[in-house]
Amino acid sequence: MNIPANLKYTKDHEWVAIEGDVATIGITDFAQRELGDIVYVEVETLDQTLDKDEVFGTVEAVKTVSDLFLPLSGEVVEFNEGLETEPELVNTDPYGAGWMIKVKVSNVDEIADLLSDAQYKELIGA
């Protein structure tokens, strides 16, 4: 199971890459394996400012639909449009081409609440 050390994680199985005041967010390798084949990613919150833990979209797999929770408060500034035609990128490259959104972070103090790779491994029993 791939859990890159350079990323932060949430208990909701999302990963976060911080670059300045912008966070790139996707779901973890563990999450995509649990969901199975991803067939659709929906994000209708582009250009909206949301609070931490609000739903920013959904991911649909063959057997289930799951909400996606924003790990940091801020404005959703970009959606990975490649997922509209190739949602399976979430399965094949969850930490690369399968990223979901970029958020302009409004409260950098919330970053301290995210999990390290070691804490995330402990959470999932890896």
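Structure: see above.
Residues numbered from 1 in each chain as written. Predicted model: local features only at pLDDT ≥ 70, side-chain atom pairs only at ≥ 80, totals over all residues. Heavy atoms only, no water.

**Digging into the sheet that holds strand 1 (residues 8–9)**
If you trace the six strands from one edge of the open sheet to the other, you get 1-2-3-9-8-5, paired in antiparallel fashion. Since the sheet does not close on itself, it has two edges, and those belong to strand 1 and strand 5 (49–50), each with one partner. The pairing of strand 8 (residues 74–79) with strand 9 (residues 101–105) spans five bridges and is classified as antiparallel. In the sheet register, E75 faces strand 9, and the bridge partner there is K104. (Pairing = 2+ DSSP bridges. Helix = DSSP H or I, 4+ residues; strand = E, 2+ residues; numbered from the N terminus.)

**Re the packing of aromatic side chains**
Counted according to the given criterion, the structure contains two aromatic pairs. Measuring from ring centre to ring centre gives 4.9 Å for Y9 and Y120, while their planes differ by 15 degrees; the resulting arrangement is stacked. Of this pair, Y9 sits in strand 1 while Y120 sits in helix 4 (residues 117–124), and the two are 111 residues apart along the sequence. Given the relative accessible area of 0%, Y9 is considered buried. Ring geometry for W15 and Y95: centres 5.9 Å apart, planes at 55 degrees, overall tilted. Within this pair, whereas W15 is found in strand 2 (residues 14–19), its partner Y95 is found in the loop between helix 3 (89–92) and strand 9, the two being separated by 80 residues in sequence. A residue is classified by how much of its surface remains accessible, and Y95, at 16% relative accessible area, is buried. The ring of W99 carries the charged tip of K102 above its face, separated from the ring centre by 5.2 Å. (Phe/Tyr/Trp six-rings, centres within 6.5 Å; stacked < 30°, edge-to-face > 60°. Buried < 20%, exposed > 50% of the residue type's maximum accessible area, 1.4 Å probe, protein only. Lys NZ or Arg CZ within 6 Å of the ring centre and 35° of its normal.)

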